[in-house]
Protein chains: 2
Amino acid sequence: MKREEVFNFSAGPSVLPRQALERAAAEMLNYNGSGMSVMEMSHRSAFFQEIFDSAKAKLKKALAVPDSHEILFLQGGASAQFSMVPLNLMEGGGADYAVTGHFANIAMKEAKKYGAVHVAADTLGGEQAYIPRQEELDLSDGAKYFYYCANNTIYGTAWNYVPRTAAPLVCDMSSEILSRPVDVAKFGVIFAGAQKNMAPAGLTVVIIDKALAGREAPYTPLVMSYKTMIEKDSMYNTPPCWCIYMLGLTLDWLESQGGVAGMEAIKHEKAAILYDIIDNSRLYKPSARREDRSDMNVTFRTGDADLDAAFAKEAQARGLMNLKGHRAVGGIRASLYNAQPMEGVQALAAYMKEFEAKHHV
Amino acid sequence: MKREEVFNFSAGPSVLPRQALERAAAEMLNYNGSGMSVMEMSHRSAFFQEIFDSAKAKLKKALAVPDSHEILFLQGGASAQFSMVPLNLMEGGGADYAVTGHFANIAMKEAKKYGAVHVAADTLGGEQAYIPRQEELDLSDGAKYFYYCANNTIYGTAWNYVPRTAAPLVCDMSSEILSRPVDVAKFGVIFAGAQKNMAPAGLTVVIIDKALAGREAPYTPLVMSYKTMIEKDSMYNTPPCWCIYMLGLTLDWLESQGGVAGMEAIKHEKAAILYDIIDNSRLYKPSARREDRSDMNVTFRTGDADLDAAFAKEAQARGLMNLKGHRAVGGIRASLYNAQPMEGVQALAAYMKEFEAKHHV
């Protein structure tokens, strides 16, 4: 089973650690002597309970989650959290939303169904993508929470600081979780779709301050009650078992790479290789403001949509996959999630230089 | 990678076709020459779109889904549908619920959050589990829909007829879908968690009459709008890609076994082997009324809880796994989903006879 040489720069679902995939393949028909695939196991079986508990313990360790917070393994993606957060936390009151990207904008609009939304910042629509500074945040009194998206996958921006607010922080960390240490105690709710840095699509990780649970609106769907899911340890109903298993395998790999600290050290190094080329280029222009750049999603453009398209197309022909920018903004995007190997980044860097030499006139 | 000889009678997640698992293992690191695992693929990529379209087309063919109906691949399990159905179909009115099992009961209670629920039948709490006859259904005027669960996994009962109602039929087919032909045109909504007859846990298949979409309550979470999911062909957000891929592999296997008609022929044969033993036994008593018995979940008991436990425990020692009845009702349960091989049923039958000879005094 030889793997062809391709590097996958998809923004998500995205590259997973090869070690995790190899182990999943090897254990596919017979997990740990059970005679069963993990995909066939009752979620109430001792075999699966051990997989579940172990994935949770590894995540707790990797992110140093304090005992005040509970880890939940849910379904529905970050999009389900866009509703679940206001359904559970708004209590008919209001909340502050920082709109710094496509998904934060959807979350903000969704919250309007459930209470009064105050836009604390809106950075969409400018020439260059950016993140508001602390002093630029327009915070409202009595907000039930402050919502932001830590890394804007489409725009290639990241909050390189944790905002200070009176209200509990609610953060969508889908595209940067496990890529740098985070002081979980500062957050009311952290959530993340698994399909970027953790596992295949179909699992949503939620880390919630238990003190915030139990305030859901009466019309909250039962699978969307944080309280119920905390009480049932995410097994109110059948959880996405295979994705939880894969998360465990990814976390084993993460541990072998020095954990979250190891990821943080390497992620900036990887991104800097590309940003250096962009900053010294006469062809490529960065899409995001320098201090707000994401190390996970490197966005740039040539200024010519046809040339951007040619860049992605020719890249694909040499095994550098999924470099086309999101349809909402165009341009070029290289996603450098945890499992993106340095060799992939170097191959892309070499290609970028070649492409510039060929196309910059 | 030798698979040990075990037979898995779990009620779900449950046994999958070995052919599907083997192919998944073989393609794990490099799907169809892509150089990527299916778990790593962008859901917007041509590779995944083909997997998605093909799984949908195979399901449409297997169940002969008419063009009036749309197939959706969602998340959240049947439990999410317990809310999604009333959120989308109740329109502030009422609905009829037939409560014939644990999950229908949960669905009925959940619907009360969203409108007036009328219990059309309640068969819980009796000596033997049973399904109401058509003439026993207490139907209300103006109900927006009639809800029932086709196969009650815990009780081992099945609706061996399709009820006639003025209101559209909404049916939870989680534990019998693809085990017998169904006239989809008769139904407003069919839904099924995948983890019994289709794929690993994490995928919910919904088949909906498109004419019923677009009536959701204003506070419906965005991932719970049938209309949105129909318009976006289930890709409003990232779908559970791996489970959809596995569904495709299961459907390939199903096709090779004669499709749904082939499954129907074999399922009754498999269940009859066990029911014959039970009916001729002085030790085992059937848990369900004869004409309402499920071919998917065969439930019985000895009348002695300790002996039931011993039955399941000794079975496990010889590789017959997960025979313990659900904690809500006790007893013994053997789930004979599509992928349960005849050899498994025969091994269980032999064990049942041996156990009776040993324990019936």
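Residues numbered from 1 in each chain as written. Chains lettered and ligands numbered in written order. Predicted model: local features only at pLDDT ≥ 70, side-chain atom pairs only at ≥ 80, totals over all residues. Heavy atoms only, no water.

Residue and element names in this part refer to chain A. Under the domain assignment, chain A is made up of domain 1 (21-255) and domain 2 (258-359). Spacing between the C-alpha centres of domain 1 and domain 2 amounts to 26 Å. With 27 residues of domain 1 in contact, the opposing surface of domain 2 contributes 24 residues. Buried surface at the junction of domain 1 and domain 2, summed over both partners, amounts to about 2,300 Å²; 51% is from carbon and sulfur atoms. Counting across the interface, domain 1 meets domain 2 through one salt bridge. The residue glutamate 291 makes a salt bridge to arginine 133 at a minimum N-O spacing of 2.7 Å. Counting the contacts that link domain 1 with domain 2 gives 21 residue pairs in polar contact (both at pLDDT 80 or more). Looking at the side of domain 1 that touches domain 2, the elements with two or more residues in it are β7 (157-158) and α6 (241-256). Ranked by the residues each element gives to the side of domain 1 that touches domain 2, the list is headed by α6, at three residues. (Domains from an automatic or database assignment. Contact = heavy atoms within 4.5 Å. Buried area = accessible area lost by both parts, 1.4 Å probe. Salt bridge = Lys/Arg side-chain N within 4 Å of Asp/Glu carboxyl O. Polar contact = N/O pair within 3.5 Å; in protein donor to acceptor, adjacent residues only side chain to side chain. Helix = DSSP H or I, 4+ residues; strand = E, 2+ residues; numbered from the N terminus.)

With an axial shift of 0.0 Å and an RMSD of 0.0 Å, the rotation relating chain B to chain A amounts to 180°. The superposition of one copy onto the other is thereby described by a two-fold rotation axis. Proximity to the rotation axis, assessed at the C-alpha, singles out alanine 25 of chain B in chain B; its C-alpha lies 2.4 Å from the axis. Looking at chain B, 100% of its interface residues are interface residues in chain A too, so the copies touch through the same face. (Least-squares fit on C-alpha atoms with pLDDT ≥ 70 in both.)

Moving on, we come to the interface of chain B and chain A. Residue-level contacts link 65 residues of chain B with 65 residues of chain A. With both chains or domains summed, chain B and chain A bury close to 5,200 Å², and 61% of this area falls on carbon and sulfur atoms. Our count for the chain B to chain A interface comes out at zero salt bridges. Between chain B and chain A we count 16 residue pairs in polar contact (both at pLDDT 80 or more) in total. Those elements that provide at least two residues to the side of chain B that touches chain A are α1 (18-26), α3 (77-89), α4 (102-111) and α6 (241-256) of chain B. Examining the composition of the side of chain B that touches chain A, we find that six residues originate from one element, α1 of chain B, more than from any other. Looking at the side of chain B that touches chain A residue by residue, the class counts come to 33 nonpolar, 22 polar and ten charged. (Nonpolar A, V, L, I, M, F, W, Y, C, P; charged D, E, K, R; others polar.)

Now for the pairing of strand β8 (residues 169-172) of chain B. Residue and element names in this part refer to chain B. Taking every second residue as pointing to the same face, both faces of β8 are buried, with Leu169 and Cys171 on one and Val170 and Asp172 on the other. One ladder, built from four bridges, connects strand β5 (residues 146-149) with β8; its direction is parallel. Residue cysteine 149 lies in a different strand from β8, and its bridge partner there is aspartate 172. Relative to strand β9 (residues 187-193), β8 runs parallel, the two being bridged by four bridges. For aspartate 172, the partnering residue across the bridge sits in β9 and is phenylalanine 191. (Buried < 20%, exposed > 50% of the residue type's maximum accessible area, 1.4 Å probe, protein only. Pairing = 2+ DSSP bridges.)

Another aspect to go through is the sheet that holds strand β12 (residues 297-301) of chain B. Residues and elements named next belong to chain B. In spatial order, the strands read β11-β12-β14; together these three strands make up an open sheet with antiparallel pairing. The open sheet has two edge strands, β11 (285-286) and β14 (332-335), and neither has a second partner. Summarising the sheet, β12 and β14 pair through four bridges and their orientation is antiparallel. Looking at β14, one finds that valine 298 is bridged to alanine 334. Of the strands in this sheet, β11, β12 and β14 are in contact with helix α7 (residues 259-279), which crosses β12 at around 15°. (Axes fitted to C-alpha atoms, helices over the stretch in contact; angles between N-to-C directions.)

On to the nonpolar core, then. Counting residues in each nonpolar core, the largest one holds 125 residues, and the members touching the most others are Phe73, Trp242 and Met246 of chain A together with Phe73, Trp242 and Met246 of chain B. Once residues within four sequence positions are removed from consideration, phenylalanine 73 of chain A is found in contact with Phe52, Ala55, Lys56, Leu59, Leu203, Thr204, Val205, Ser234, Pro240, Ile244 and Leu247 of chain A. Counting residues in each nonpolar core, the second largest holds 69 residues, with Ala111, Leu212 and Leu222 of chain A together with Leu87 of chain B among its members. (Core = buried A, V, L, I, M, F, W, Y, C linked by side-chain atoms within 4.5 Å.)

A few words on the packing of helix α3 (residues 77-89) of chain A against helix α4 (residues 102-111) of chain A. All names here are of chain A. Contact pair α3 / α4: the axes reach a minimum separation of 9 Å and the direction vectors enclose 40°. For the element pair α3 / α4, the angle class is oblique. Relative to α4, α3 is oriented so that their crossing is right-handed. Two secondary-structure elements touch here, α3 through Phe82, Ser83 and Pro86 and α4 through Phe103, Ile106, Ala107, Glu110 and Ala111. Taken together, the residues that form the contact of α3 with α4 break down as six nonpolar, one polar and one charged. (Parallel < 35°, antiparallel > 145°, perpendicular 65-115°, else oblique. Left-handed = near helix turned anticlockwise from the far one by under 90°.)

Attention now moves to the pairing of strand β3 (residues 94-99) of chain A. All names here are of chain A. A large share of β3 lies buried, amounting to six of its six residues. A two-sided burial pattern is seen for β3, the buried positions comprising Gly94, Asp96 and Ala98 on one face and Ala95, Tyr97 and Val99 on the other. Here six bridges tie β3 to strand β4 (residues 116-122), and the two strands are oriented parallel to one another. By the bridge assignment, glycine 94 is partnered in β4 with alanine 116.

Attention now goes to the environment of glutamate 70 of chain B. Residue and element names in this part refer to chain B. Residue position: glutamate 70 is located in strand β2 (residues 69-74). Those residues within four positions of glutamate 70 in sequence are excluded, and the remaining contacts are Lys56, Val206, Ile207, Ile208, Lys210, Ile230 and Asp233. Here the side chain of glutamate 70 touches lysine 56 through a polar contact of 2.6 Å, side chain to side chain.

Our next topic: the side chain of serine 34 of chain A. Along the chain, serine 34 of chain A turns up in the loop between α1 (18-26) and α2 (46-62). A polar contact is formed between the side chain of serine 34 of chain A and the backbone oxygen of tyrosine 31 of chain A, at a distance of 2.7 Å. Polar side-chain contacts of serine 34 of chain A include one of 3.0 Å to the backbone nitrogen of methionine 36 of chain A. Setting aside its immediate chain neighbours within four residues, serine 34 of chain A contacts Met41 and Phe47 of chain A together with Val6 of chain B.

Between side chains of opposite charge, a pair can form as their charged atoms come close. Residue and element names in this part refer to chain B. Counted by the stated rule, this structure contains 44 salt bridges over all chains. A salt bridge links arginine 215 to glutamate 91, with the nearest nitrogen and oxygen atoms 3.7 Å apart. Here arginine 215 is found in the loop between β10 (204-209) and α5 (226-231), whereas its partner glutamate 91 is found in the loop between α3 and β3 (94-99), with 124 residues between them in sequence. Among the residues examined, glutamate 91 registers a relative accessible area of 42% and is labelled partly exposed. Here lysine 227 makes a salt bridge to glutamate 231, at a shortest N to O gap of 3.3 Å. Here lysine 227 pairs with glutamate 231, and both are found in helix α5, just four residues apart, close to one helical turn. Taking relative accessible area as the criterion, glutamate 231 reaches 54% and is therefore assigned exposed.

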